[in-house]
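Spelled out, the chains give:
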Amino acid sequence: RLLVFRPCAQGQIGLWACAASAPMASCKIIGIWAASLAATTGQGCFILRQGPPPEELLNASVVALLRSRFLANLNVQGTGAVIASTGAVPALDDACNGGCPGGYTFHWTRDGALSMLALSDFLVSPLAQGRRDSDLLNTIFRAYTNWVGRLQNETAHRHGEDASREPKWNLSTGTPYEGGWCRPQNDGPGLEAQALMAFAKRVQEPAEQARLWALIRFDLDWLAKEGSPSQNTCDLWEETRDRNLFWNRMTMRTALLAGSRLARLMGHEELAEAYRGAGKALGNPARDHLQAGTFGGCYFTECPPHGAKNDCRDKGKDVDGAVILTLIHGWRAASSAGSPPMLLPTAAVVAHTVKSYNDVFCTLYPVNLVDSRNNIPGVLYGRYAKDAYGGGPWLLISAALASLFYQAANVTATGRRLNTEEVHAWSVALGSSNFNGTPSEFISAGDSVLMRLWHHVRPDDEGHLYEQINKVTGEQYNAKDLTWSYAEVLSALVERRRVWPCRGCHVGGPCEQECLAAATPRPDAELTCPRDAVWPDGHLGPPAGPSNWLRLFGLGLGLGVILGVGGTLCLKYGHRGLSETDSDDEDDFSEDDEKF
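Residues numbered from 1 in each chain as written. Predicted model: local features only at pLDDT ≥ 70, side-chain atom pairs only at ≥ 80, totals over all residues. Heavy atoms only, no water.

In the annotation of an unreviewed UniProt entry, the chain is listed under the name glucan 1,4-alpha-glucosidase and assigned to Pyrodinium bahamense. The record in UniProt for the chain states the following under Catalytic activity (unreviewed entry): "Hydrolysis of terminal (1->4)-linked alpha-D-glucose residues successively from non-reducing ends of the chains with release of beta-D-glucose." The UniProt entry for the chain carries the following comment under Sequence similarities (unreviewed entry): "Belongs to the glycosyl hydrolase 15 family." (UniProt positions renumbered as here; feature names shortened; annotations may be inferred.)

Listed below in structure tokens is the structure:
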């Protein structure tokens, strides 16, 4: 039988099952979608920037404004704490029925660590202000280490080691928030350790090195403790629980492997082996988070496609913006540690992920459709399909998508050419039939996302960044001056400058090649979703031959069978190209498996 998309009456699109040699009239319809759904896929929603880059966002005065708002939320009153937001949080008030006093005026372990990682990148980038910012970085980080020491002391002496899983802390007392919240959360210790390790590279004084190492070891020891990584934990949105979340496993594994290298440098071989073994025990975070697309390649999910808890399924989290954050922060962590990443941001499976997410978020948010009709470049991403917490696009996730494109640009700028499958996958994802996988095209994709994001920072917002964008009106919503939003937008701009450090030279201009030659080199690795793991959409795979016809024709196969078999094949074969972290060969681990 042959599966065919054909238009139906009343502006709908139908999926028909037909006998290969029979007329269309004998076909049986097995699925119907609104035409608006088909219109939002690929080229119908993502708009690739044409013309010059977004000077309004790259302007030095705008960057300085974002920088100042970001810094204002760090080292609160000299304590070293990071406040999440000082703004009103109507979404939280609705979710708690007014029962969550204090809003976001707390220190979150995750948000604080990510903000400090963003700071450590920004203040040593070409966007920084030289020696002045170097001194500022040292001051803020030393205050942060004092704050972490205070929280760890509170954890060890008053609340027991389980307080390491506490996500939210009072600014004035340095004690865990005692109200109802989603607990436990096991991504905090790993992220906190990574932030401290980033600062440790700058420290020369032995006494300060020893103190930093003690703080880092506190977090790593908890991660390496048997049972800690496998706990049933909340996700980074603090709503769903599972033992196998992509984001959480990435943060833990990355921290343990980086900690193993640091322990070895510090002369602690036994600890280095313990951290290395704990990281290996986590396996490869991507291996069991590959989901088969409806008619395309595999894409990444936050919850495992098989065996996930009910709340993952109930909230429609097959597509989750946490995955985009996982990909970019995994790449940054690997680059910072000088180790090969788990996969390249140019890989076909990443393109399939972007395509799948484009389809969902374009359908979900009317503001995306309106912007695309008005030819506003880019796309806006949010959390997941059934998000009831405001339910609109998130600035920090959209900015993370821009970072993903800039990271891909950086890879191609160092001379790696995309293969045919990758070029096609990205062409479909970005809705560009002329896409060739060049650095300037990936830069344009990142610029497109930032342009659409900035389009919704209205003049009366005065450059303040919120948490979300209303999915209908396009106005910013909830948590004015969210620290994490500033962190991701500034980090995206840093990623852009890494691959495009030139001033006064536009992408596509006569000085393009000279500028690209100055890009920062990146380590090389790749992951592709093999053809055996996908059900082709008519474009993927090699030229049609007997094996491809066998994939396209099946006796009595309906859509449900395709999805079921595709998911099984993704699970079985989709890990090819990932590091084999479950290998018994210990000698291979340090070279091949210490990859995020």
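Past the structure itself, the notes keep going.
Enquirer: Explain the overall build of the chain to me, using residue names and the numbers behind them.
Expert: The helix and strand inventory of the chain stands at 22 helices and eleven strands. Counting every position in the chain, which comprises 596 residues, the buried fraction comes to 59%. Sequence separation of 24 or more characterises 69% of the internal contacts of the chain that already satisfy a separation of 6 or more. Total accessible area computed for the chain in this model is approximately 23300 Å², and 52% of it derives from carbon and sulfur atoms. (Helix = DSSP H or I, 4+ residues; strand = E, 2+ residues; numbered from the N terminus. Buried < 20%, exposed > 50% of the residue type's maximum accessible area, 1.4 Å probe, protein only. Contact = heavy atoms within 4.5 Å. Areas by Shrake-Rupley, 256 points an atom, 1.4 Å probe, with all protein chains shown as cover.)

Enquirer: Outline the pattern of salt bridges, supporting the account with residue identities and numerical values.
Expert: A complete count under the given rule lists 24 salt bridges for this structure. Residues D447 and R49 are paired through a salt bridge, measuring 3.4 Å at the closest nitrogen-oxygen approach. Of the two residues, D447 sits in helix 17 (residues 439–455) while R49 sits in the loop between helix 1 (35–39) and helix 2 (55–58), which places them 398 residues apart along the sequence. According to the relative accessible area criterion, D447 is buried, its value standing at 0%. When its relative accessible area of 4% is taken as the criterion, R49 is described as buried. D133 is the partner of R67 in a salt bridge, and the nearest nitrogen-oxygen pair spans 2.2 Å. Of the two residues, R67 is situated in helix 3 (residues 60–71) and D133 in helix 6 (residues 131–159); the sequence distance between them amounts to 66 residues. Its relative accessible area of 9% is what places R67 among the buried residues. One continuous salt-bridge network, built from bridges that share partners, spans D121, R332, E488, E495 and R498. (Salt bridge = Lys/Arg side-chain N within 4 Å of Asp/Glu carboxyl O.)

Enquirer: Describe the environment of R417, with residues and values.
Expert: Structurally, R417 is set in the loop between helix 15 (395–413) and helix 16 (420–430). Taking the C-alpha atoms as reference points, R417 and T438, separated by 21 residues in sequence, lie 8.1 Å from one another.

Enquirer: I'd like to hear about the side chain of E238, residue by residue, with values.
Expert: In this structure, E238 sits in the loop between strand 6 (233–234) and strand 7 (241–242). Looking at E238, its side chain comes within polar contact range of the side chain of W108, at 2.8 Å. Here the side chain of E238 touches Q185 through a polar contact of 3.0 Å, side chain to side chain. Setting aside residues up to four positions removed in sequence, E238 forms contacts with W108, R110, P167, W181, C182 and Q185. (Polar contact = N/O pair within 3.5 Å; in protein donor to acceptor, adjacent residues only side chain to side chain.)

Enquirer: Go over the packing of aromatic side chains, please, and point to the residues and values.
Expert: Scanning the entire structure with this criterion turns up 19 aromatic pairs. Measuring from centroid to centroid gives 6.0 Å for W108 and W181, while their planes differ by 55°, and the two rings are tilted. A residue pair is termed long-range when its members are at least 10 positions apart, and W108 in strand 4 (residues 107–108) and W181 in the loop between strand 5 (168–169) and helix 7 (188–200) qualify at 73 residues. The exposure classification of W108 matches that of W181, with both residues buried. Judged by centre distance (6.2 Å) and plane angle (75°), the rings of Y357 and F361 are edge-to-face. Here F361 and Y357 lie together in helix 13 (residues 348–364), a separation of four residues that amounts to about one turn. Taken individually, Y357 and F361 each receive the classification buried, so the pair is uniform in this respect. A cation over a ring is seen here: K168 above Y177, with NZ or CZ 3.7 Å from the ring centre. (Phe/Tyr/Trp six-rings, centres within 6.5 Å; stacked < 30°, edge-to-face > 60°. Lys NZ or Arg CZ within 6 Å of the ring centre and 35° of its normal.)

Enquirer: Could you give an account of the confidence of the model for the chain, with specific residues and numbers?
Expert: Per-residue confidence for the chain averages 80 on the pLDDT scale, and 75% of its residues sit at or above 70. Within the model, the stretch residues 34–44 combines pLDDT values under 50 with 21 contacts to residues more than four positions away or in other chains. (pLDDT = per-residue confidence, 0-100.)

Enquirer: How would you sum up the state of the cysteines? Please name residues and give values.
Expert: Tallying each qualifying case throughout the model produces four disulfides. A disulfide bridge connects C45 with C362, and the sulfur atoms are separated by 1.7 Å. Taking the sign of the S-S torsion, about -85° here, the bridge from C45 to C362 comes out left-handed. Of this pair, C45 sits in the loop between helix 1 and helix 2 while C362 sits in helix 13, placing them 317 residues apart in sequence. Taken individually, C45 and C362 each receive the classification buried, so the pair is uniform in this respect. What pairs with C96 in a disulfide is C100, and their sulfur atoms sit 1.9 Å apart. Measuring handedness by torsion sign, the sulfur bridge of C96 and C100 sits at about -75° and is left-handed. (Disulfide = S-S within 2.5 Å.)

Enquirer: Kindly report on the nonpolar core, identifying the contributing residues and their values.
Expert: Nonpolar side chains in soluble globular proteins tend to end up buried together. In this structure, W237 and W426 are the most contacted members of the largest nonpolar core, which totals 139 residues. A domain-level breakdown of this core finds at least three residues from each of domain 1 (74–283) and domain 2 (284–503). Within the second largest apolar cluster, seven residues are counted, among which are V76, A81, W169 and L171. (Core = buried A, V, L, I, M, F, W, Y, C linked by side-chain atoms within 4.5 Å. Domains from an automatic or database assignment.)

Enquirer: I'd love a proper account of helix 3, names of residues and values included.
Expert: For the α-helix, the turn length of 3.6 residues means that residues three or four positions removed from each other point alike. In this model, helix 3 (twelve residues) spans 16 Å end to end at C-alpha, consistent with the 16 Å of a helix rising 1.5 Å per residue. Three or more residues of helix 3 are buried, namely V62, V63, L66, R67, R69, F70 and L71. (Expected span 1.5 Å × (residues − 1).)

Enquirer: Got a sec to walk through the packing of helix 3 against helix 5 (residues 109–122)? Specific residues and values, please.
Expert: For the pair helix 3 and helix 5, interaxial distance at closest approach is 12 Å and the crossing angle is 140°. Comparing the axis directions of helix 3 and helix 5 gives the class oblique. Judged by the twist between their axes, the crossing of helix 3 over helix 5 is left-handed. Two secondary-structure elements touch here, helix 3 through V63, R67, F70 and L71 and helix 5 through S115, A118, L119 and F122. Split by residue class, the contact of helix 3 with helix 5 holds six nonpolar, one polar and one charged. (Axes fitted to C-alpha atoms, helices over the stretch in contact; angles between N-to-C directions. Parallel < 35°, antiparallel > 145°, perpendicular 65-115°, else oblique. Left-handed = near helix turned anticlockwise from the far one by under 90°. Nonpolar A, V, L, I, M, F, W, Y, C, P; charged D, E, K, R; others polar.)

Enquirer: Quick one: what's the story with the packing of helix 8 (residues 206–224) against helix 10 (residues 269–281), residue by residue and with numbers?
Expert: Packing of helix 8 against helix 10 brings their axes to within 10 Å, and their N-to-C directions diverge by 45°. In terms of their interaxial angle, helix 8 and helix 10 are classed as oblique. Viewed along their axes, helix 8 and helix 10 form a crossing whose handedness is left-handed. Each of W213, R217, L220, D221 and A224 in helix 8 lies in contact with helix 10, whose residues at this interface are L271, Y275 and A278. When the residues that make up the contact of helix 8 with helix 10 are grouped by side-chain class, the tally is six nonpolar, no polar and two charged.

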